[in-house]
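A structural walkthrough
Okay, here's what each chain looks like letter by letter:
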Amino acid sequence: MATLLESAGPAVSAGPAPAPPARRRSAARRTRAEIALFVGPALILFLGFVILPVILAAVYSFYNLPQAFQWDDLADPARFVGLENYRRALADPVFMGAVGHNFFILGMSLLIQGPIAIGVALLLNRRMRGRTAFRLLIFVPYVLAEVIAGLSWKLLLQPNGGVNALLEALGLGALQQNWLADPAIALWTMFFILTWKYVGFAILLMLAGLQGVPEELAEAASIDGASWWQVQRYITIPLLGPTIRIWAFLSIIGSLQLFDMVWVTTRGGPLNATQTMATYMVEKGQFGGQPGYGSAIAVILFLISLVIALVYQRFALRRDLAGAVTRGVR
Amino acid sequence: MNRRSTRLVALGLSAGLAAVALAGCAPSAGDGEGDGVTLTWWHNATSGPLPAVWEEVAAEFEEAHPGVTVEQTGYQNEELQRTLIPNALASGDAPDLFQVWPGGELRDQVENDYLMPLDEAIPDTIESVGATINPWQVDGATYGVPFTFGIEGFWYNMDQFAQAGIDTPPTTLDELIEATGKLREAGFTPIAVGAGDKWPAAHWWYQFALHSCSPETLQAAETDYDFSDDCWVEAGEQLQEFLGTNPFQEGFLGTPAQQGAGSSAGLVANGQASMELMGHWNAGVIGGLTPDQTVPEYLGWFPFPGIEGSAGDPTAALGGGDGFGCSKDAPPECAELLEYIMSEDVQAKFAASGSGIPTVPSATASLEDPNLKAVAEGLAEASFVQLWFDTAFGTTVGNAMNEGIVNLFGGVGSPEDVVTMMQDAAATL
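Residues numbered from 1 in each chain as written. Chains lettered and ligands numbered in written order. Predicted model: local features only at pLDDT ≥ 70, side-chain atom pairs only at ≥ 80, totals over all residues. Heavy atoms only, no water.

- In the nomenclature of an unreviewed UniProt entry, chain B is known as Extracellular solute-binding protein of Agromyces mariniharenae.

- By the naming in an unreviewed UniProt entry, chain A goes by Sugar ABC transporter permease and is assigned to Agromyces mariniharenae.
- As its UniProt record puts it under Subcellular location (unreviewed entry), chain A is described as follows: "Cell membrane".
- UniProt, in the comment section headed Sequence similarities (unreviewed entry), describes chain A in these words: "Belongs to the binding-protein-dependent transport system permease family." (UniProt positions renumbered as here; feature names shortened; annotations may be inferred.)

**Quick look at the overall build of chain B**
- Check the secondary structure of chain B and you find 18 helices and 12 strands.
- A compact globule built from 429 residues should have a C-alpha radius of gyration of about 22 Å, and chain B, at 24 Å, falls within 12% of that.
- When the backbone C-alpha atoms are referred to their principal axes, chain B occupies close to 85 × 50 × 40 Å.
- Counting only residues that meet the buried cut, chain B has 53% of its 429 residues in that class.
- The contacts in chain B between residues at least 6 apart in sequence include a share of 73% that link residues at least 24 apart. (Helix = DSSP H or I, 4+ residues; strand = E, 2+ residues; numbered from the N terminus. Rg over C-alpha atoms; globule rule 2.2 N^0.38 Å. Buried < 20%, exposed > 50% of the residue type's maximum accessible area, 1.4 Å probe, protein only. Contact = heavy atoms within 4.5 Å.)

**Side note on the nonpolar core**
- With 60 residues, the main nonpolar core has Trp 204, Trp 205, Trp 232, Phe 393 and Phe 409 of chain B as its most contacted residues.
- Per element, the largest residue contribution to this core is eight residues, and it comes from helix 8 (residues 199-212) of chain B.
- Apart from the residues within four sequence positions on either side, Trp 205 of chain B is in contact with Trp 232, Ala 235, Gly 236, Leu 239, Phe 389, Met 401, Ile 405, Leu 408, Val 418 and Met 422 of chain B.
- In terms of nonpolar packing, the next biggest core, distinct from the first, is built from 37 residues, Ile 118, Met 206, Tyr 280 and Ile 300 of chain A among them. (Core = buried A, V, L, I, M, F, W, Y, C linked by side-chain atoms within 4.5 Å.)

**So, the state of the cysteines**
Residue and element names in this part refer to chain B.
- Scanning all chains against the criterion turns up two disulfides over all chains.
- Here Cys 213 pairs with Cys 231 through a disulfide, and the sulfurs are 2.0 Å apart. Judged by the torsion about the S-S bond (100°), the Cys 213/Cys 231 disulfide is right-handed. Placement of the pair is Cys 213 in the loop between helix 8 and helix 9 (215-224) and Cys 231 in helix 10 (residues 231-243), with a sequence separation of 18 residues.
- Note on Cys 213: relative accessible area 1%, which makes it buried. (Disulfide = S-S within 2.5 Å.)

**Focus: a negative patch on the surface**
Residue and element names in this part refer to chain B.
- Side chains of Asp 224, Asp 226, Asp 229, Asp 230, Glu 234, Glu 237, Glu 241, Glu 416 and Asp 417 sit close together on the surface and give a patch of like negative charge.
- Going through the elements one at a time, helix 10 and helix 18 (415-427) are the ones with two or more residues in the negative patch.
- Per-element accounting of the negative patch gives the leading share, three residues, to helix 10.
- Counting through the fold element by element, Glu 416 comes out in helix 18.
- On the basis of relative accessibility, which here comes to 40%, the residue Glu 416 falls in the partly exposed class. (Patch = residues over 30% accessible without salt bridge, like charges linked within 9 Å, V, L, I, M, F, W, Y side chains within 5 Å. Areas by Shrake-Rupley, 256 points an atom, 1.4 Å probe, with all protein chains shown as cover. Salt bridge = Lys/Arg side-chain N within 4 Å of Asp/Glu carboxyl O. Lys, Arg positive; Asp, Glu negative; His and termini not counted. Charge placed at Lys NZ, Arg CZ, Asp CG, Glu CD.)

**Quick look at the pattern of salt bridges**
Residues and elements named next belong to chain A.
- Under the defined criterion, the tally for this structure stands at nine salt bridges over all chains.
- In this structure, Glu 84 and Arg 87 form a salt bridge, with 3.0 Å as the shortest nitrogen-oxygen distance. Pair noted here: Glu 84 and Arg 87 are both in helix 4 (residues 84-91), with a separation of three residues, about one helical turn.
- By relative accessible area, Glu 84 is classed as partly exposed at 33%.

**Observations regarding the interface of chain A and chain B**
- With 24 residues of chain A in contact, the opposing surface of chain B contributes 27 residues.
- Of the roughly 2,200 Å² buried between chain A and chain B, counting both surfaces, carbon and sulfur atoms make up 45%.
- Looking only at chain A, the three residues that lose the most surface to chain B are Gln 67, Leu 271 and Phe 287 of chain A, adding up to 25% of its buried area.
- The interface formed by chain A and chain B contains one salt bridge.
- Lys 284 of chain A serves as the salt-bridge partner of Glu 403 of chain B, at 3.4 Å between the closest nitrogen and oxygen.
- Counting across the chain A and chain B interface gives six residue pairs in polar contact (both at pLDDT 80 or more).
- In the side of chain A that touches chain B, the residues fall into nine nonpolar, 11 polar and four charged. (Buried area = accessible area lost by both parts, 1.4 Å probe. Polar contact = N/O pair within 3.5 Å; in protein donor to acceptor, adjacent residues only side chain to side chain. Nonpolar A, V, L, I, M, F, W, Y, C, P; charged D, E, K, R; others polar.)

**Focus on the packing of aromatic side chains**
- Taken as a whole and assessed by the stated rule, the structure comprises 48 aromatic pairs over all chains.
- Seen from their ring centres, Phe 249 of chain A and Tyr 312 of chain A are 5.5 Å apart, and the 25° between their planes marks the pair as stacked. With Phe 249 of chain A in helix 12 (residues 241-256) and Tyr 312 of chain A in helix 15 (residues 291-315), this pair connects stretches of sequence that are 63 residues apart. Assigned by exposure class, Phe 249 of chain A and Tyr 312 of chain A land together as buried.
- When the centroid spacing of 5.3 Å and the interplanar angle of 70° are considered together, the rings of Trp 42 of chain B and Tyr 75 of chain B count as edge-to-face. Taken together, the positions of Trp 42 of chain B in strand 1 (residues 37-43) and Tyr 75 of chain B in the loop between strand 2 (68-74) and helix 3 (77-90) put the pair 33 residues apart, joining distant regions of the chain.
- Ring-pair connections join several aromatic residues into one group, and the members of that group are Phe 154, Tyr 156, Phe 161, Trp 204, Phe 208, Phe 242, Phe 248, Phe 252, Phe 302, Phe 304 and Phe 409 of chain B.
- Geometry around Tyr 198 of chain A places Lys 197 of chain A over its ring, the cationic atom sitting 5.2 Å from the centre. (Phe/Tyr/Trp six-rings, centres within 6.5 Å; stacked < 30°, edge-to-face > 60°. Lys NZ or Arg CZ within 6 Å of the ring centre and 35° of its normal.)

**Let's talk about the UniProt feature "transmembrane region" (unreviewed entry) in chain A**
All names here are of chain A.
- The feature "transmembrane region" (unreviewed entry), as annotated in UniProt, sits at residues 35-63, 103-124, 136-156, 185-207, 246-264 and 293-312 in this numbering.
- Counted over residues 246-264, helix gives 84% and strand 0%. Its end C-alpha atoms are 28 Å apart.
- The distance from the first to the last C-alpha atom of residues 293-312 is 29 Å, and the span holds 100% helix and 0% strand.

**Points about the side chain of Glu 283 of chain A**
- Looking at the element boundaries, Glu 283 of chain A is found in helix 14 (residues 277-287).
- For Glu 283 of chain A, a relative accessible area of 7% gives the class buried.

**So, the sheet that holds strand 10 (residues 299-303) of chain B**
All names here are of chain B.
- Read across the open sheet, the four strands follow the order 8-9-7-10; overall the sheet is mixed. Because the sheet does not close on itself, it has two edges, and the strands there are strand 8 (191-192) and strand 10.
- Direction of pairing for strand 7 (residues 153-157) relative to strand 9 (residues 275-278): antiparallel, over a ladder of four bridges. If you follow Tyr 156 over to strand 9, its bridge partner there is Met 275.
- Helix 7 (residues 173-185) contacts strand 7, strand 8, strand 9 and strand 10 of the sheet and is inclined by roughly 145° relative to strand 9.
- Against the sheet, helix 15 (residues 370-381) touches strand 7 and strand 10, its axis set at about 5° to strand 10. (Pairing = 2+ DSSP bridges. Axes fitted to C-alpha atoms, helices over the stretch in contact; angles between N-to-C directions.)

**Quick notes on the UniProt feature "domain: ABC transmembrane type-1" (unreviewed entry) in chain A**
- Taking the numbering used here, the UniProt-annotated feature "domain: ABC transmembrane type-1" (unreviewed entry) corresponds to residues 99-312 of chain A.
- Within the segment residues 99-312 of chain A, helix and strand shares are 75% and 0% respectively, and the terminal C-alpha atoms sit 19 Å apart.

**Some points on the environment of Ile 116 of chain A**
- Here Ile 116 of chain A lies in helix 5 (residues 93-124).
- Residue class for Ile 116 of chain A comes out partly exposed when judged on its relative accessible area of 36%.

Here you go:
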């Protein structure tokens with residue numbers, strides 16, 4: 001410190017500082033104050049409601065806590081179990097099954113929902129009768145609240161519900177199933193409901209992306225004799241790339257965090273056939289009276305999502321998001 | 001620091017009041033004498049006749065105690081039990097009077113010093129409910145008082161039983177199995193079970209355990225989590241054998257217990273199943289799920305039959321109740337409100353409304369519902385009442401146990417696995 005002051009001394013004494021820099025300095029200080037003023041409240045909320053809970057969950061995950069625990073429990077050395085909760089989660093077939101279900105939904109969404117969405121968007125992007133009505137119909141399930149959609153499907157799919165009654169009426173009685181009550185098919189049923197709910201959103205995104213594809217290119221190609229399919233295959237779909245990659249990103253994160261729909265329809269059952277990481281976490285942490293174990297699961301879910309998100313951004317979204325996410329506003 | 005800021009607030013407030021007074025719209029100084037106590041009261045009455053009863057009780061109490069305001073709110077049972085109350089207690093902002101579940105959860109709450117001991121405040125009230133108070137006591141101190149207590153049994157469709165040629169309700173397990181066979185032959189689904197919610201399925205295992213284990217074994221399990229006795233595995237074996245007779249409805253693994261026409265209670269309410277094993281509250285649930293919202297004429301009740309040749313007491317019953325307790329820092333008026341809720345008048349009103357079975361014996365006479373009367377008789381005749389096992393063992397063990405039992409229902413896992421899961425869960429405590 002002393003040397004710094006000494007070295008600063010002569011510089012100051014060399015002459016009075018010029019006026020403009022001082023003004024600039026106070027302006028900079030004011031800008032900084034403004035930033036603090038405007039960002040401050042949001043930052044406090046973010047730290048308090050996002051960062052702090054994440055840290056707390058990580059802390060809790062090292063403890064074996066009772067259902068209604070108090071701060072004292074964290075000071076109790078007998079409650080500290082180290083990595084035991086993680087070991088237990090990774091050795092628990094139900095949890096590993098839940099991880100598998102998340103990745104099943106993830107893979108199926110990409111493989112099935114994506115092509116459906118692109119295909120329907122391409123069809124709806126042409127001038128045709130009733131286009132608005134089609135768009136509306138496809139988008140309605142997405143607008144519907146998740147809980148309402150889930151409960152409706154739960155009622156329709158129960159053994160004596162609407163779907164089985166419809167099959168019977170159509171003479172397809174042999175196809176009747178216990179859609180959500182049979183462990184062998186419950187996850188597929190869940191995937192169907194999710195597709196019904198979310199494919200509309202994917203189609204909407206793709207339609208929006210198609211607006212950015214210049215029509216001139218398609219026109220030029222068809223003048224050169226390209227068929228409709230060739231135009232889509234070699235021009236439209238490649239140009240839709242950024243939209244598809246963003247949709248896939250949202251779909252991946254949504255699949256990993258899947259909770260609401262499962263919770264209202266099957267609550268992870270029957271026999272854990274539709275259990276996801278998030279439902280298992282709530283089942284154990286909140287309803288099973290084991291907040292420590294639940295926290296460990298929350299941390300695992302967080303890490304899996306984080307790693308996948310970072311890897312995806314690094315490799316798939318790099319071009320699309322250049323400068324937008326990594327380098328701030330320019 | 002704190003005191004100064006309160007003074008500042010007080011200053012600000014009085015300045016504000018002065019301004020109001022100057023403006024000429026100050027409230028007339030009438031109830032300045034009342035100390036302005038507000039009691040918050042959380043209960044699980046959300047449908048049926050009970051919400052109206054509690055609302056009336058709150059109003060009457062306010063009238064008899066000037067200056068006291070009672071804010072009563074009803075929440076869905078599981079929501080209240082699993083989320084709202086634990087969070088409110090842990091955050092130090094608990095309601096004054098609230099539903100306190102007996103057994104394991106009560107022990108946890110007492111251990112965390114969340115509850116007010118009631119023995120000195122309302123000894124007569126505690127006395128009045130007799131032995132039903134036991135599950136709300138820890139080490140001889142009372143932390144809650146049950147306002148209703150009942151036992152589990154079969155809610156059945158008397159018309160369908162008659163059509164299937166069953167004259168009297170089964171009194172042994174063999175007769176029960178025989179009855180389900182007759183019902184199947186007559187084209188009915190014999191028994192509905194809401195295994196999607198786990199606990200209704202688990203109750204079947206509880207009943208087998210209750211009728212296989214001696215009262216001493218049950219006691220040891222509750223206090224020491226000792227499940228070494230063979231009877232716990234036997235219960236699973238009996239259940240497996242019973243499941244082999246195919247007594248339940250299609251797709252029972254996905255059936256909820258009490259919500260909607262497709263639930264197990266709904267199946268009985270709409271004549272799609274002949275009976276359901278369920279607690280004393282089920283008449284109200286079934287009534288709420290019929291098209292005309294009334295308890296069906298054909299609904300009857302009989303207790304779970306004894307099992308021949310097992311160590312358990314054939315007249316033992318499985319049951320539970322709802323009770324209220326006060327939080328540690330509640331004002332003394334809280335105990336007074338509880339005393340009033342437990343008074344003979346309110347208990348009689350509760351009984352007459354058909355909401356459940358009162359715990360004060362003299363109020364039992366006010367029961368009008370024939371099914372509740374039957375349950376009350378069953379309770380009186382039971383030699384021994386075991387609290388629901390999941391409640392008695394607490395959340396952690398109870399949850400693992402229920403999961404193991406549902407696995408058994410789904411044909412996954414063995415009777416030994418259920419006991420292993422219970423022991424593993426107990427080891428984490």
